[in-house]
Amino acid sequence: MILRNGRVIDPSSGIDGIGDLRIEDGRIAEVRLGGGIPTDGHFERDCTGKVICPGLIDIHVHLREPGQEYKEDLASGLGSAAAGGFTTVACMPNTTPVIDSAPIVRDLIARAKLEKGARIQVIGALSKGMKNTELAEMGDLKAAGAIAVSDDAYQVQDAGFMRKAMEYAAMLDLPVLAHCENTSLSDGGVMNEGYTASVLGLKGLPREAYEMDVMRNGLLAMMTGCHLHVLHVSTAREVEIIRFLKSLGAPVTAETGPHYWCLTDEACKGYNTNAKMNPPLRTQTDCEAMIVGLKDGTLDCIATDHAPHAAYEKAQEFPLAPFGIHGLETSLALGITYLVKPNHLSLAALIGQMSTAPARILGLPGGTLEPDSVADITVFDPDAEWVVEPEAFVSKGKNTPFGGWKLTGKPVMTIVGGEVVFS
Ligand SMILES: NC(=O)N[C@@H](CC(=O)O)C(=O)O
């Protein structure tokens, strides 16, 4: 297939220009700026006015299989990813049962191949049952295809246990994706601790509970040599701490998600449970710090923490509703609308943090248009204006705070291994 006359942007090689891209046998055969690749009987797709870039990669999603299929399943989750322009997503292990053994990893990988959508990468659990008392068999998990391990949602509280887990993961060259939260301090809060929480009469989640564990886990990463990836950074001081840890040479990478630069805790007013997630929305100062962190590279990539929940679960009163929001089908547009259009990031930088960087962080294929690379490609319209309609999401998870928002930027075609999985 030939993608014709699009704006080819490849952060891995610095390419940014109008041209053609030819796909052969599932791989990228040629990129020719200025165009002119002969048709030679290929299928052609006119990409005039569109951007052609390496397939987007989201290294932090919850696909809810096994055991929580009422929230999302492989078909809806991988389809949602493709509709959002993603060609690979890495799924978290906080499922039922937890993804803590090789058979579950193998089953997910095998069944994902049967779905028309993004590729799956599986993140295993740090501990059996995510109970943080007994290490999971990380060697088996890796042999079965797991590409990292995580404590997301059941964060490790004991520094000694986290040290052991990191030593073991480091031995196996598995990154540890950590949800940094000291729960003795966050202590069952339901939104950011601050003025709005007081007005709403809701128990707060103090920022310090997260910041102290970023520091703890960063020090453990230096101690053990384990690659620590800090999940869902939400506060300005977390960015400062990560900047400090990096200055000490700590093997640390970090991500933030669109809600942390687009929304503050005021979105919780009216007890809006679609604005409830963990870590919680913070303040305008924190939003600005996320943008600075992305601009200067302290924050290495963008990840959505796509956390679908059933409507009836979110219909409960605020303290009882589960944490988490939909992320996959709004992420690219929220980046274009609130990072690129206001000139915080170039389009190439945004694509870098949504594709090239995530691939690099977890050592995944993709994130590049270099010839002979896998033909995982996203084509999007950078100027398309649309209104977010949650009911139109491919995902089962309609739990978004962005319903009704007018955004710019929309995926038009997602290609995985040379096959069009969304158009
Ligand atoms: N991030 C979220 O707000 N929710 C996540 C996991 C979690 O609760 O940390 C989920 O799995 O729903």
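This is a predicted model, so every value here is computed, not measured.

Undergrad: How do you make sense of the overall build of the protein chain when you look at a structure like this?
TA: Of the regular secondary structure elements, the protein chain holds 13 helices and 18 strands. For 423 residues, the compact-globule estimate of 2.2 N^0.38 gives 22 Å, and the C-alpha radius of gyration of the protein chain, at 20 Å, lies within 12% of that figure. Structurally, the protein chain occupies a C-alpha span of about 65 × 45 × 45 Å along its principal axes. When burial is assessed residue by residue, the protein chain has 62% of its 423 residues classed as buried. Of the contacts made within the protein chain by residues no fewer than 6 positions apart, 75% connect residues no fewer than 24 positions apart. Total accessible area computed for the protein chain in this model is approximately 15,100 Å², and 53% of it derives from carbon and sulfur atoms.

Undergrad: It is not clear to me how the environment of Gly-352 should be interpreted in this structure. Could you clarify?
TA: For Gly-352, the position within the fold is in helix 13 (residues 347–362). If near-sequence neighbours (up to four positions away) are discounted, Gly-352 is found in contact with Pro-11, Ala-357 and Pro-358.

Undergrad: How should I be thinking about the UniProt feature "binding site: substrate" (unreviewed entry) in the protein chain in this particular structure?
TA: Under the feature "binding site: substrate" (unreviewed entry), the UniProt entry names His-62, Leu-63, Arg-64, Asn-94, Asn-278, His-309, Phe-323 and Gly-324. From the set just named, the residues that line the largest pocket comprise His-62, Arg-64, Asn-94, Asn-278, His-309, Phe-323 and Gly-324. Position of Asn-94 relative to the elements: it lies in the loop between strand 7 (86–91) and helix 2 (102–112). The class for Asn-94 is buried, based on a relative accessible area of 12%. Within polar-contact distance, the side chain of Asn-94 engages the side chain of His-62 at 2.8 Å. Summarising the element assignment, His-309 is placed in the loop between strand 15 (301–302) and helix 11 (311–314). Excluding residues that lie within four positions of it along the chain, His-309 makes contacts with Arg-64, Lys-71, Lys-314, Pro-322, Phe-323, Gly-324, Gly-397 and Asn-399.

Undergrad: Mind showing me how you'd approach the UniProt feature "active site" (unreviewed entry) in the protein chain here?
TA: When the UniProt feature table is mapped to this numbering, "active site" (unreviewed entry) covers Asp-305. By the secondary structure assignment, Asp-305 is in the loop between strand 15 and helix 11. Given a relative accessible area of 10%, Asp-305 falls into the buried group. Setting aside anything within four residues of it in sequence, one finds Asp-305 in contact with His-60, His-62, Asp-152, His-232, Asn-278 and Ile-325. Within the structure, the side chain of Asp-305 is placed 2.9 Å from the side chain of His-62, a separation counted as a polar contact.

Undergrad: Would you mind showing me how to read the site of the ligand here?
TA: Neighbouring the ligand are 13 residues; Arg-64, Asn-94, Asn-278, Asp-305 and Gly-324 lie closest to it. Residue Asp-305 places a side-chain N or O atom 2.7 Å away from a nitrogen atom belonging to the ligand. For the ligand, an oxygen atom lies 3.1 Å from a polar atom in the backbone of Gly-324. Coverage of the ligand by the protein chains reaches 92% of its 310 Å² of free accessible surface. For the ligand, the cavity whose grid points lie within 2 Å of the majority of its atoms is the largest pocket. Along the lines of polarity and charge, the residues of the shell around the ligand split into four nonpolar, six polar and three charged.

Parameters and conventions
- Residues numbered from 1 in each chain as written.
- Predicted model: local features only at pLDDT ≥ 70, side-chain atom pairs only at ≥ 80, totals over all residues.
- Heavy atoms only, no water.
- Helix = DSSP H or I, 4+ residues; strand = E, 2+ residues; numbered from the N terminus.
- Rg over C-alpha atoms; globule rule 2.2 N^0.38 Å.
- Buried < 20%, exposed > 50% of the residue type's maximum accessible area, 1.4 Å probe, protein only.
- Contact = heavy atoms within 4.5 Å.
- Areas by Shrake-Rupley, 256 points an atom, 1.4 Å probe, with all protein chains shown as cover.
- UniProt positions renumbered as here; feature names shortened; annotations may be inferred.
- 1 Å grid on protein atoms, 1.4 Å probe; cavity = no way out; pocket = protein on both sides within 12 Å on 5 of 7 lines; lining within 4 Å.
- Polar contact = N/O pair within 3.5 Å; in protein donor to acceptor, adjacent residues only side chain to side chain.
- Near = heavy atom within 4 Å.
- Sits in = over half its atoms within 2 Å of the grid points.
- Nonpolar A, V, L, I, M, F, W, Y, C, P; charged D, E, K, R; others polar.

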